[in-house]
Amino acid sequence: MAAVAFERIAKRFGPTVVADDLTLRIADGEFFVLLGPSGCGKSTLLHLLAGIEPADRGVMRIGGVDVSAVPPQQRDVAMVFQSYALYPHLDVFENLAFPLRNRGLSGRALRAEVERMAGTLGLGALLAKRPRDLSGGQRQRVALGRALIRRPAAFLMDEPLSNLDAALRLEIREEIKRVHQTHRITTLYVTHDQEEAMALADRIAVLRGGSIAQCDAPEALYARPADTFVARFVGTPPMNLLPAALLAPPEAAAARLQGRDPASVTLGLRPQDLEARDAGAAGALEARVLLLEPAGGFTWLVADLAGTRVKARRADGARLAPGDTTRLAFAAGSVHLFDAASGRRLER
Amino acid sequence: MIRRLGTWLGLAAACAWSLAPFAWQVLTSVKPQAELESLPPLLPSTITLVHYEAVFAGHPFAHLLLNSFAVAACATALALALGSLAGFALAKLRPPGRAATLAAVVVLSMLPPVATVSPLFLLAGAAGLRDTLTGLALVYAGFALPLAVWLMAQFFRSVPDDLYIAARVDGCSLLGAFGKVMLPLAVPGLTATGLLVFVFCWNEFLFALTLTSSTAARTVPVGIALFPGIHEVPWGEIAAASVVATAPLVLLAAVFQRRVLDGLTAGAVKG
Amino acid sequence: MSARRLRPDAWALMAPALLVLAAVTALPTGYVVWLSLNERALFRAEDFVGLGHYLRLAGDARFWNALGNTLYFAAVSVALELALGLAIALLLARAGRARAFAYGAVLVPWAVPTVVSARIWEWIYNPELGVLGYLAGTPVNWLGDPVLALHAAIAMDVWKSTPFVALLLLAGLQGVPRDLLRAAAVDGAGAWTTFRRITLPMLAPVILVAAVFRTIDALRVFDAVYVLTGGGPANATETLSIYAYRVLFQMLDFGYGSALAVAMLAIAGIAALAYARLLRGGME
Ligand SMILES: Nc1ncnc2c1ncn2[C@@H]1O[C@H](COP(=O)(O)OP(=O)(O)OP(=O)(O)O)[C@@H](O)[C@H]1O
Ligand SMILES: [Mg+2]
């Protein structure tokens with residue numbers, strides 16, 4: 001177990017910039033999630049830390065030690081992959097035993113370790129099977145076991161849930177959380193699924209174009225997104241972004257914009273905070289309903305607000321139909337303000 | 001129905017055209033000498049093995065077979081060892097300049113052998129490797145390497161990157177990951193590459209002709225090309241020798257049909 | 001670029017292969033160019049003559065004869081191999097249960113050593129005892145007539161090399177998506193239209209690759225023709241490789257022989273470049 005740090009890391013593949021002067025510090029025992037869209041370089045960051053790819057510049061530390069020149073097999077990290085990456089020519093027992101054998105363990109001690117690990121993950125009956133004879137969930141359990149079995153300094157997980165169906169995904173997600181709570185191994189977890197990130201993380205770093213857009217606890221990320229990119233990326237459905245000019249008097253309380261020119265401000269409103277009322281409600285914006293999406297206890301509706309598509313919530317969608325006029329209301333405190341040009345958050 | 005019939009007729013014709021010349025050689029090899037001196041008869045009246053006996057008794061043919069096997073086996077082993085290491089590095093470590101390296105390898109595989117036979121003759125002489133099995137095996141390995149590197153790079157590319165990464169993270173050194181994970185997964189590719197390289201070495205003629213001068217290092221193709229005849233050409237014996245030289249390859253091709261097809265078409269079709 | 005990005009580990013693994021390649025193919029290629037600029041008989045030291053050998057080459061009728069033979073041999077045999085190979089590939093694709101046998105039969109000529117195939121055909125072409133003359137009903141001196149001999153050599157090469165082309169094209173055919181063929185059938189296209197409009201265009205890159213491989217192979221043909229005819233009669237089947245080999249190892253003139261070898265290199269290079277351009281054009 002150890003703290004992990006990336007210090008001023010740069011990495012590019014030809015013209016593709018994967019990391020540009022990137023710094024990250026992950027505390028000992030922390031569950032840290034790297035969140036970013038597909039192809040933004042999340043996997044590459046894990047490969048850098050594991051020593052598979054060399055960085056162009058910068059220093060990586062595990063437990064305070066600079067590991068930049070240490071070969072992968074000596075970095076003491078373990079990895080779990082989206083593709084499971086079980087060795088197809090070895091059975092489950094040998095897959096679990098593989099990292100131990102590489103450290104010189106054999107015989108009875110090895111067997112005991114493997115069987116203990118298989119027991120905790122419920123794999124006892126599968127030890128003689130080949131990976132191709134296992135279901136997706138079983139494969140990912142074996143992969144977890146293979147990573148966990150030697151108690152690495154850090155755990156690297158690259159979208160371990162992406163290949164699983166919805167039910168299994170929740171099951172293995174809980175398993176991962178349980179493993180982390182029992183062993184408290186520093187974990188660097190990569191995903192493009194913000195819900196997964198929120199559910200698992202102590203802290204989340206949102207990546208964009210080789211740098212960190214924001215690094216914060218899940219609640220802070222949700223409550224105070226640093227820019228419009230994070231605002232749209234975190235939270236489902238994504239936050240509505242509207243030109244502040246829409247709030248032209250009477251709604252634009254001049255105080256809320258703090259005297260800024262409405263043309264230079266973008267408003268952020270989460271669909272959860274935008275309540276669709278019946279026509280005629282006061283102090284609200286008029287919009288035309290385009291679509292209704294029942295969500296169980298309530299209904300999402302997509303509406304046209306002076307030319308901008310917005311998503312809003314309605315306690316019950318019963319009396320609304322596409323084409324109707326509705327009024328969208330929100331609490332003053334739920335508005336996020338961003339600079340229209342840079343997308344950065346404006347502090348209130 | 002008519003199309004089906006046409007397909008079958010066409011297939012039968014293609015198979016007959018492919019098999020007939022070699023089948024004729026097999027027939028020739030078991031015909032009594034008298035029946036070789038006129039035509040007809042097409043088919044032998046009795047089957048005789050005298051030509052086979054003559055090949056092995058009268059000539060150092062067994063020695064040539066042994067030479068051919070030794071040279072082809074050593075060259076194949078060398079080409080596989082070096083080719084799989086290089087192919088692995090190109091496919092999984094992706095060094096900068098890999099595209100240029102692969103292109104250079106392909107260009108080298110297109111060299112006409114005649115273009116390098118004179119310098120190799122002089123170089124082999126200078127190194128004391130002329131008329132030795134070692135010299136021949138080295139040259140064959142060199143000429144087979146472009147194919148071996150190219151094919152092994154293709155086969156290693158089809159092993160997922162994640163398996164290599166997992167092996168390294170699980171405690172394998174570079175060579176450990178190669179030996180314990182990558183190589184076992186590339187066995188079909190190794191087999192295909194080995195077969196193609198072996199066939200190339202077994203069949204090679206120009207270098208065998210120029211770099212060897214005695215039975216000590218001569219190989220089967222040279223033996224068959226220079227088959228000695230005192231008065232007239234000993235067609236029966238040549239046929240017998242041909243069958244002996246070809247049988248191992250036909251057998252290999254039949255047993256490892258799938259692998260041979262993989263090897264012949266890998267890279268050419270996909271990229 | 002930093003030292004780390006150069007991947008010393010990768011180059012270390014590639015070094016043995018690159019070294020052997022350099023020693024056995026790259027170094028001799030440089031050496032042969034040097035040899036061609038010198039007068040060099042075997043066992044004698046070199047004597048620099050500059051481009052002298054190339055001037056001699058330009059006026060050497062036997063060189064132009066060999067070049068003509070080589071180009072004719074390559075053009076005709078590759079064309080025939082592509083046509084026959086495509087036909088056989090289409091047949092093999094429908095072989096169904098007979099597949100394993102048919103593939104095996106077609107692989108036989110590929111597996112026969114070139115020298116052996118030359119001996120097989122030499123026997124078939126034998127003027128008195130050959131089965132071909134017997135089938136033709138009259139004895140023909142196939143290898144004694146200049147025109148017949150070159151075509152006899154071509155026929156042998158077609159027999160030996162068509163399987164490779166057929167199997168390559170078969171792999172290409174198997175890569176044509178079935179849905180595309182079904183869609184064409186649904187759209188009312190007949191067999192010929194489907195072949196012309198869908199199969200052939202999809203197959204074009206593979207055909208090109210097969211053509212490249214075969215042309216480069218045919219341009220450097222040596223053992224097949226050398227064992228079959230020895231270059232005769234009257235040099236009618238002498239290819240560039242055979243001529244170069246004779247100058248090198250029968251006349252023991254390493255200087256001029258090397259110049260011939262360099263000429264072969266140049267022709268192979270031109271063929272490779274031409275096809276590289278074609279390939280790039282075909283991909284766009
Ligand atoms: N070895 C490589 N050579 C060249 N480019 C690469 C290499 N590895 C990755 N890339 C490129 O770098 C970028 C980042 O890749 P990476 O796999 O790290 O993204 P990712 O965030 O993990 O994406 P995903 O969510 O799809 O897994 C991509 O554009 C990819 O094409
Ligand atoms: Mg990834």
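The structure presented is a predicted model; accordingly, all values stated were derived computationally and were not measured.

Further remarks concern the interface of chain C and chain B. Taken residue by residue, the interface counts 88 residues in chain C and 85 residues in chain B. Of the roughly 7,800 Å² buried between chain C and chain B, counting both surfaces, carbon and sulfur atoms make up 80%. Broken down residue by residue, the surface that chain C buries against chain B is led by Leu13, Arg119 and Trp123 of chain C, which jointly contribute 10%. Linking chain C to chain B there are ten residue pairs in polar contact (both at pLDDT 80 or more). Sort the elements by how many residues they give to the side of chain C that touches chain B and helix 1 (residues 8–36) of chain C lands first, with 18 residues. Taken together, the residues that form the side of chain C that touches chain B break down as 71 nonpolar, eight polar and nine charged.

Residues and elements named next belong to chain A. A sheet is described by the order of its strands in space; here three strands give the open sequence 11-12-18, paired in antiparallel fashion. Both outer strands of the open sheet, strand 11 (240–243) and strand 18 (336–339), are each paired with one neighbouring strand and no more. Looking at each pair of strands side by side, their axes are set apart by 30° on average, direction ignored. In terms of strand pairing, strand 11 meets strand 12 (residues 265–269) through four bridges, oriented antiparallel. Opposite Asn240, over in strand 12, you have Leu269 as the bridge partner.

On to the layout of surface pockets. In this model, the second largest pocket occupies a volume close to 820 Å³. Lining the second largest pocket we find 23 residues, and of these Arg3 of chain B together with Leu90, Arg94, Leu181 and Thr199 of chain C sit closest to its centre. Of all the elements in the fold, those that place two or more residues in the lining of the second largest pocket are helix 3 (61–93), helix 4 (99–111), helix 7 (146–174), helix 8 (178–186) and helix 9 (191–219) of chain C. Partitioning the lining of the second largest pocket into residue classes produces 15 nonpolar, four polar and four charged.

Next up on the list: the domain arrangement of chain A. Residues and elements named next belong to chain A. With domains assigned, chain A is organised as domain 1 (4–225) and domain 2 (230–339). Each of domain 1 and domain 2 has a C-alpha centre, and the two are 39 Å apart. Every contact between the two is made by 13 residues of domain 1 and, on the other side, eleven residues of domain 2. Interface area for domain 1 against domain 2, summed over the two sides, is near 960 Å², with a carbon-plus-sulfur share of 72%. Together, Gln194, Tyr222 and Pro225 form the three largest contributors to the area buried by domain 1 at its contact with domain 2, with a combined 61%. Counting across the domain 1 and domain 2 interface gives zero salt bridges. Seen at the junction of domain 1 and domain 2, the total is three residue pairs in polar contact (both at pLDDT 80 or more). Within the residue set of the side of domain 1 that touches domain 2, elements represented by two or more residues are helix 6 (194–200), strand 10 (211–216) and helix 7 (218–223). Of all the elements, helix 7 adds the most residues to the side of domain 1 that touches domain 2, at three residues. Classifying every residue of the side of domain 1 that touches domain 2 by side-chain character gives nine nonpolar, four polar and no charged.

Next up on the list: the site of ligand 1. Around ligand 1, a shell composed of 13 residues is seen, among which Ser38, Gly39, Lys42, Ser43 and Thr44 of chain A lie nearest. Looking at the residues close to ligand 1, they fall on chains A and B. Between ligand 1 and Gly41 of chain A, the relevant distance is 2.9 Å, taken from an oxygen atom to a main-chain nitrogen or oxygen of the residue. In this structure, Glu159 of chain A approaches ligand 1 through a side-chain N or O atom, which is 3.0 Å from an oxygen atom. A total of 630 Å² of accessible area belongs to ligand 1 in isolation, and the protein chains cover 65% of it. Elements supplying a minimum of two residues to the shell around ligand 1: strand 2 (16–26) and helix 1 (42–50) of chain A. It is helix 1 of chain A that provides the largest number of residues to the shell around ligand 1, a total of three residues. Looking at the shell around ligand 1 residue by residue, the classes come out as three nonpolar, six polar and four charged.

Attention now goes to the sheet that holds strand 5 (residues 65–66) of chain A. Residue and element names in this part refer to chain A. Within the open sheet, the four strands sit side by side as 2-1-4-5. Their pairing is antiparallel. Pairing within the sheet leaves two strands with one partner each, and these edge strands are strand 2 and strand 5. With seven bridges connecting them, strand 1 (residues 4–13) and strand 2 associate as antiparallel partners. Note that in strand 2 the partner of Lys11 across the bridge is Ala19. In the packing of helix 1 onto the sheet, the strands contacted are strand 1, strand 2 and strand 4 (57–62), and the crossing angle to strand 1 comes to about 120°.

A side chain with one charge can pair with a side chain of the opposite charge if their charged atoms come near. Enumeration over the complete set of coordinates arrives at 31 salt bridges over all chains. Note that Arg327 of chain A is salt-bridged to Glu286 of chain A, the shortest N-O span being 3.4 Å. With Arg327 of chain A in strand 17 (residues 325–329) and Glu286 of chain A in strand 14 (residues 285–294), this pair connects stretches of sequence that are 41 residues apart. Since its relative accessible area comes to 16%, Arg327 of chain A is described here as buried. Glu238 of chain C is paired through a salt bridge with Arg62 of chain C; the nearest N and O atoms lie 2.7 Å apart. In this pair, Glu238 of chain C sits in the loop between helix 10 (223–229) and helix 11 (240–249) while Arg62 of chain C sits in helix 3, placing the two residues 176 residues apart along the sequence. According to the relative accessible area criterion, Arg62 of chain C is partly exposed, its value standing at 24%. Several salt bridges converge on common partners, so that one network encompasses Glu81, Asp157, Arg214, Asp217 and Arg220 of chain C.

Here is what the cut-offs are and how they apply
Residues numbered from 1 in each chain as written. Chains lettered and ligands numbered in written order. Predicted model: local features only at pLDDT ≥ 70, side-chain atom pairs only at ≥ 80, totals over all residues. Heavy atoms only, no water. Contact = heavy atoms within 4.5 Å. Buried area = accessible area lost by both parts, 1.4 Å probe. Polar contact = N/O pair within 3.5 Å; in protein donor to acceptor, adjacent residues only side chain to side chain. Helix = DSSP H or I, 4+ residues; strand = E, 2+ residues; numbered from the N terminus. Nonpolar A, V, L, I, M, F, W, Y, C, P; charged D, E, K, R; others polar. Pairing = 2+ DSSP bridges. Axes fitted to C-alpha atoms, helices over the stretch in contact; angles between N-to-C directions. 1 Å grid on protein atoms, 1.4 Å probe; cavity = no way out; pocket = protein on both sides within 12 Å on 5 of 7 lines; lining within 4 Å. Points joined across faces, edges and corners; volume = space filled by probe spheres on them. Domains from an automatic or database assignment. Salt bridge = Lys/Arg side-chain N within 4 Å of Asp/Glu carboxyl O. Near = heavy atom within 4 Å. Areas by Shrake-Rupley, 256 points an atom, 1.4 Å probe, with all protein chains shown as cover. Buried < 20%, exposed > 50% of the residue type's maximum accessible area, 1.4 Å probe, protein only.

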